[in-house]
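Listed below, chain by chain, are the residues.
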Amino acid sequence: MKLLIYKANKKGLLISEFINGRDCNAYIDLIRDDCKNSEEYVTIPIQGCSYINKYRLKNDYDIIFITDDFYFKNPGYELLKIERENCFVIVVSSGLMNEFYAAGVFGRQRTISAVYDEVKKAIYFGSLDENGILYADRAAKLFGKSGIKALSLTRTEISRKKWEMILIDSVLMLFAVSGRKTVTMNYKIKLEIKSLISEIVAVVETSRIVDFSFRNYVEQFEKNILDLNWLSQYESRLREENLKSKVSLLNGYIAELGRRYAVKTPINNSLYLIASMS
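Residues numbered from 1 in each chain as written. Predicted model: local features only at pLDDT ≥ 70, side-chain atom pairs only at ≥ 80, totals over all residues. Heavy atoms only, no water.

Caption draft 1: Structural context of the side chain of Asp 117. With respect to the helices, strands and loops of the structure, Asp 117 is situated in strand β6 (residues 111–117). It turns out Asp 117 is buried and unbridged, and the closest side chain with the opposite charge, Lys 161, is 4.2 Å from it. Once you skip the residues sitting within four places of it in the chain, Asp 117 turns out to touch Ala 122, Tyr 124, Lys 161, Glu 164, Met 165 and Tyr 234. (Helix = DSSP H or I, 4+ residues; strand = E, 2+ residues; numbered from the N terminus. Buried < 20%, exposed > 50% of the residue type's maximum accessible area, 1.4 Å probe, protein only. Lys, Arg positive; Asp, Glu negative; His and termini not counted. Salt bridge = Lys/Arg side-chain N within 4 Å of Asp/Glu carboxyl O. Contact = heavy atoms within 4.5 Å.)

Below is the structure:
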């Protein structure tokens, strides 16, 4: 099995080590942040993995992992396009933008979204197309070999799971931008959370970027997210190194869609502005 991992950031290296430790037949190429291929700038941390330049990609990869949240904002992503029919891409990043861009390169069937829930200790995989379940199954089997709970979901199920994590992270940003490392809850905070969620619902419904009743889904989910004990399970996310980039990717994305579809998103816009200034 031949894999390409872009980028070889912390998340990418963990995936490399995870797969390499469980499949002795795996062949893994890494593209690191600056896409250079010089021993002066990098130490290869995993035996059997090779750093390559993005302009020297092979055409025989089975799976490509996208682990960078901002890669598809930059030119050159079309270089990752592999014509091999069975090759597919697993997008392991926050937000939704990368999935949509990757689908433009690989097609919706071969674009697999990966969502990890650290509370349930499970990783979920789903194609952007109902006919791509075969690729989602292959991704789940790859990770399931280690004993980790890995599940293949339908297109709608993975979208719901993705939005569950987006809502959780977006709400946590209310605490993160103030420098808090713990989740608190009172009447005023609950009102702010409800207002934040209302903005997201209005944007999603207006832009029609999901194929299920988003308002009904959120109403079922809102009870959990307003429960201190439930939300505190995800408190560790407040200490993640890439919080500022998540604000740009999640709350900034909602604010951007709001401007595009003439939906007011003052809370999401403020969170993005505060994070970008700090």
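Caption draft 2: Molecular detail of the pairing of strand β1 (residues 2–6). β1 sits mainly inside the fold: four of its five residues count as buried. Strand direction decides the pairing type here: β1 and strand β4 (residues 63–66), joined by four bridges, are parallel. Looking at β4, one finds that Leu 4 is bridged to Ile 64. (Pairing = 2+ DSSP bridges.)

Caption draft 3: Just the packing of aromatic side chains, in detail. Following the criterion strictly, the structure yields ten aromatic pairs and no others. Between Phe 212 and Phe 214 the ring centres are 6.2 Å apart and the planes differ by 45 degrees, which places this aromatic pair in the tilted class. Judged by its relative accessible area of 14%, Phe 212 is buried. Over the ring of Phe 212 we find Arg 160, and its NZ or CZ is 5.5 Å from the ring centre. In this structure, Lys 161 is placed above the aromatic ring of Tyr 124, and the distance from its NZ or CZ to the ring centre is 4.6 Å. (Phe/Tyr/Trp six-rings, centres within 6.5 Å; stacked < 30°, edge-to-face > 60°. Lys NZ or Arg CZ within 6 Å of the ring centre and 35° of its normal.)

Caption draft 4: Broad picture of the environment of Ile 64. Mapped onto the elements of the fold, Ile 64 is located in strand β4. Assessed through its relative accessible area of 0%, Ile 64 is described here as buried. Along the chain, Ile 64 and Val 91 lie 27 residues apart, while their C-alpha atoms are 8.5 Å from each other.

Caption draft 5: Broad picture of helix α4 (residues 155–176). Over its 22 residues, α4 extends 31 Å from the first C-alpha to the last, a length consistent with the 32 Å expected when each residue adds 1.5 Å. With respect to burial, α4 is a largely interior element, 18 of its 22 residues being buried. (Expected span 1.5 Å × (residues − 1).)

Caption draft 6: Geometry of helix α2 (residues 97–106). Summarising burial for α2: seven of the ten residues are buried, a large majority. Among the residues making up α2, those that are buried are Met 97, Asn 98, Glu 99, Ala 102, Ala 103, Val 105 and Phe 106. Gly 107 lies just past α2 and shows a positive phi near 95 degrees.

Caption draft 7: Spotlight on the environment of Leu 151. Examined against the element boundaries, Leu 151 turns out to sit in strand β8 (residues 149–153). On the basis of relative accessibility, which here comes to 33%, the residue Leu 151 falls in the partly exposed class. Taking the C-alpha atoms as reference, Leu 151 lies 5.6 Å from Ala 140; in sequence the two are eleven residues apart.

Caption draft 8: Representation of the nonpolar core within the structure. Trp 163, Ile 168, Ile 193, Phe 214, Ile 225 and Leu 231 are the most contacted members of the largest nonpolar core, which has 50 residues in total. Within the residue set of this core, elements represented by two or more residues are β7 (122–127), α4, α5 (187–207), α6 (214–225), α7 (228–231), α8 (243–249), α9 (251–260) and α10 (266–277). Examining the composition of this core, we find that twelve residues originate from one element, α4, more than from any other. With sequence-adjacent residues up to four places away left out, Phe 214 is seen in contact with Trp 163, Ile 200, Val 201 and Val 204. (Core = buried A, V, L, I, M, F, W, Y, C linked by side-chain atoms within 4.5 Å.)

Caption draft 9: Structural detail: the packing of α4 against α5. Contact geometry of α4 with α5 gives a least axis separation of 10 Å together with a crossing angle of 140 degrees. If you check the angle between α4 and α5, you find them oblique. Note on packing geometry: the crossing formed by α4 with α5 is right-handed. Side by side, α4 and α5 meet where Trp 163, Leu 167, Ser 170, Val 171, Leu 174 and Phe 175 of the first sit next to Ile 189, Glu 192, Ile 193, Leu 196, Ile 197, Ile 200 and Val 204 of the second. Each residue belonging to the contact of α4 with α5 can be placed in one class, and the counts come to eleven nonpolar, one polar and one charged. (Axes fitted to C-alpha atoms, helices over the stretch in contact; angles between N-to-C directions. Parallel < 35°, antiparallel > 145°, perpendicular 65-115°, else oblique. Left-handed = near helix turned anticlockwise from the far one by under 90°. Nonpolar A, V, L, I, M, F, W, Y, C, P; charged D, E, K, R; others polar.)

Caption draft 10: Molecular detail of the packing of α5 against α9. Relative orientation of the contacting elements α5 and α9 amounts to 55 degrees, with a least axis distance of 10 Å. With respect to each other, α5 and α9 are oriented oblique. Along this stretch, α5 crosses α9, giving a crossing that reads as left-handed. Here Leu 196, Ile 200, Val 203 and Ser 207 of α5 come into contact with α9, specifically with Asn 251, Ile 254, Leu 257 and Gly 258. Counted by class, the contact of α5 with α9 contains five nonpolar, three polar and no charged residues.

Treat this as a map of the structure, not an account of what it does.
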